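# Geometric and topological summary
Here's the letter readout for the chains.
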Amino acid sequence: MEIDTQNNFYGDKMYELAKKLFPLCRSITGKGLRDSLYILNEFLGERERERERERERLSIHSIPSGTSVYDWVVPDEWEINDAYIITPDGEKICNFKENNLYIVNYSEGINKELSLEELQQHLYSMENMPDAIPYVTSYYERRWGFCISHEQRKKLKNGIYKVFIDAKHYSDGVLNYADLIIPSTQNNSEEILISTYLCHPSLANNELSGPIVAIYLIKWLLAQKERKYTYRFVIVPETIGSIVYINQHLEQLQQFVKAGFVLSCVGDDKQYSLIHSPYENTLADKVAMHVLKNKVNFKEYTFIDRGSDERQYCSPLVGLPVVGICRTKYGNYKEYHTSKDDLNVISPQGLQGAFEAMQEIILNLEINEYYKSTTICEPNLGKRGLYQTINIQYAGSVSWAFLGYCDGKNDVLDIANILKIPAYELKEVINALKLHGLIK
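A brief report on the enclosed structure follows. What you are looking at is a predicted structure, and each value in this text was computed from that prediction instead of being measured.

Along its length, the chain carries 13 helices and 18 strands. Dimensions of the chain, computed from the C-alpha atoms along their principal axes, are close to 95 × 45 × 40 Å. Buried residues in the chain amount to 57% of all 440 residues. Of the contacts made within the chain by residues no fewer than 6 positions apart, 79% connect residues no fewer than 24 positions apart. By element, 46% of the accessible surface of the chain is carried by carbon and sulfur atoms, the whole surface being about 20,100 Å². Of the charged side chains in the chain, 48 are positive and 58 negative, and the gap between their average positions amounts to 4 Å.

Structure representation (structure tokens):
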């Protein structure tokens, strides 16, 4: 395995995929979510042979509305076709077909006339970002509403307004999620979990960056001839989707997941962020910290700062070794959960950076083991071509340095941290030492 960069080639491709997905109105259930998953599957299915297409596609699952999952119930499926407000002057505003953020996500249908005073109770805006449309949801309590820029809201005049929302909820609907298992080539049942979400409408960084980076990681991993671990990719509607997934796979996840990563807001090019697991002591914490600590504007956060699906995977009775990975952390960039989180917030460079960081994490996991020296005192590296044989001046070697810590107590990540080099760069050294029987 090696990092695949190609000078932003992948970033450009990822950005094009984001542009295709951006207009869709997604929610935690419904057509927008399904269509988005279908688009991702079409992208994965770009293979010459039908057999390969089927093997490399996401499996899309359906969970009936009303299904109990721990303390939650899968909500009714939501369908929306149109929504708008007609002002007293006959102007159409908050037109859903112009921007799907105008509607409070999961709104129930309505068709009535009402006064401005009555309408104000159903409008949502942001005084601190007066030119932005906020993103507002009401998944678990039936209501209707519109989101509007505060600038536009202040201009509304007294009179009678017509509100129209063509939306329905179906108790016989479903919640969809997708997963894909990429097996180890070494018959290793230990898994690396990579989870992300796909449930927000037209939000670029908060919504689309995670699934898009995940899809490219899938393509990269499928192209590898050797994989030590099995890789489990999960794309769910946030919160309820991960709860559903855990409900269906808890025993297997607890038995096999060695490390896990939730991808969220990984498309901008400002920062790299790590949201730790509760006690910051898992392999996921260690490898993510090893990779991200030297990145531009790196920031780390405790589990108190959690906000995405790491909340569910790390919850006390689940207890999976999972961390959150972001570029700029959700909630920490001004465009978050507004119409300003558009295709200008993400960039090919930002997506590429996240893709490469996750490649590094995977490469480091693949190389990571505990090794123990097989010889008492230092082995003669010179006769094996692993050290210079003329002592002109002091000069060590990476092999020599690495061997000094092979006591069976340090894994490769520990030693790489001591040597201040990326763990995956030790691959050739490790292979040479193993070839000569100097470590086991």
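From this point, things continue past the structure.
With antiparallel pairing, 4 strands are arranged side by side in an open sheet as E5-E4-E9-E6. Each edge of the open sheet is held by one strand with a lone partner, namely strand E5 (92-93) and strand E6 (110-115). Of the pairings in the sheet, the one linking E6 to strand E9 (residues 160-170) comprises 6 bridges and is antiparallel in character. Pairing of Leu114 across the sheet is with Tyr161, part of E9.

A positive phi is found at Cys94, a non-glycine position, where the angle reads about 50 degrees. Owing to a relative accessible area of 2%, Cys94 belongs among the buried residues under this scheme. In this structure, His337 is a non-glycine residue whose phi angle is positive, near 55 degrees. Checked against the element boundaries, His337 lands in the loop between strand E16 (322-326) and helix H10 (348-367). With relative accessibility at 24%, the residue His337 sits in the partly exposed group.

Now for the nonpolar core. Grouped together as the largest cluster of nonpolar side chains are 81 residues, with contacts concentrated most on Leu217, Phe261, Ile325 and Phe402. When residues in this core are grouped by element, the largest group, 12 residues, is from helix H6 (residues 204-222). Not counting chain neighbours up to four residues away, the residues in contact with Leu217 comprise Ile194, Phe233, Leu263, Phe355, Met358, Gln359 and Ile362. The next biggest cluster of nonpolar side chains, apart from the first, holds 64 residues, and it includes Ile165, Cys199, Leu203 and Cys314.

One turn of an α-helix holds 3.6 residues; hence residues three or four places apart share an orientation. Helix length check: H10 (20 residues) gives 28 Å between terminal C-alpha atoms against 28 Å at 1.5 Å per residue, within 8%. Counting buried residues in H10 gives 18 out of 20 residues, a clear majority hidden from the surface.

Now for the environment of Ile80. Along the chain, the position of Ile80 falls in strand E4 (residues 77-86). Once the C-alpha coordinates of Ile80 and Lys168 are considered, the two residues, 88 residues apart in sequence, prove to be 6.5 Å apart. Setting aside residues up to four positions removed in sequence, Ile80 forms contacts with Cys25, Phe96, Ile103, Ile165, Asp166 and Ala167.

For the rest of this paragraph, the subject is the sheet that holds E16. Read from one edge to the other, the open sheet built from 8 strands follows the order E1-E10-E12-E11-E13-E16-E14-E15, with strand pairing classed as mixed. Because the sheet does not close on itself, it has two edges, and the strands there are strand E1 (59-64) and strand E15 (298-301). Taking each pair of neighbouring strands and ignoring which way they run, the sheet shows an average axis angle of 20 degrees. Strand direction decides the pairing type here: strand E11 (residues 191-197) and strand E12 (residues 230-236), joined by 7 bridges, are parallel. Residue pairing across strands places Thr196 opposite Ile235, the latter belonging to E12. Along the sheet, helix H2 (residues 31-44) makes contact with E1, strand E10 (174-182) and E12, crossing E10 at roughly 20 degrees. Of the strands in this sheet, E10, E11, E12 and strand E13 (257-263) touch H6, which is tilted by about 150 degrees from E11.

Analysis parameters
- The numbering scheme is per chain: residues are counted from 1 as the chain's sequence reads.
- The predicted nature of this model means local features are confined to residues of pLDDT at least 70 and side-chain atom pairs, given and counted, to a pLDDT of 80 or more, with totals for whole chains, interfaces and linings taken over all residues.
- Only heavy atoms go into the side-chain values, all of them from the structure, while hydrogens and water stay out.
- In DSSP terms, a helix is any run of H or I states spanning at least four residues, a strand is any run of E spanning at least two, and both are numbered starting from the N terminus.
- Exposure classes here rest on a 1.4 Å probe applied to the protein chains alone. A residue is buried below 20% of its type maximum, exposed above 50%, and partly exposed in between.
- Here, residues are in contact when the closest pair of their heavy atoms is within 4.5 Å.
- Each accessible area is a Shrake-Rupley estimate made with a 1.4 Å probe; only the visible protein chains count as cover when residues are assessed.
- Neither His nor the chain ends contribute to the count of charged residues, in which Lys and Arg are positive and Asp and Glu negative.
- The atoms used to mark charge sites are NZ of Lys, CZ of Arg, CG of Asp and CD of Glu.
- Paired strands, as defined in this entry, are two strands with at least two bridges between them according to DSSP.
- Put simply, a nonpolar core is a bunch of buried Ala, Val, Leu, Ile, Met, Phe, Trp, Tyr and Cys residues held in one set by side-chain atoms that sit within 4.5 Å of each other.
- One less than the residue count of a helix, multiplied by 1.5 Å, gives the span that helix is expected to have.
- An axis is simply a line fitted to the C-alpha atoms; with a helix, the fit covers only the stretch in contact. Between two such axes, the angle follows the N-to-C directions and lies from 0 to 180 degrees.

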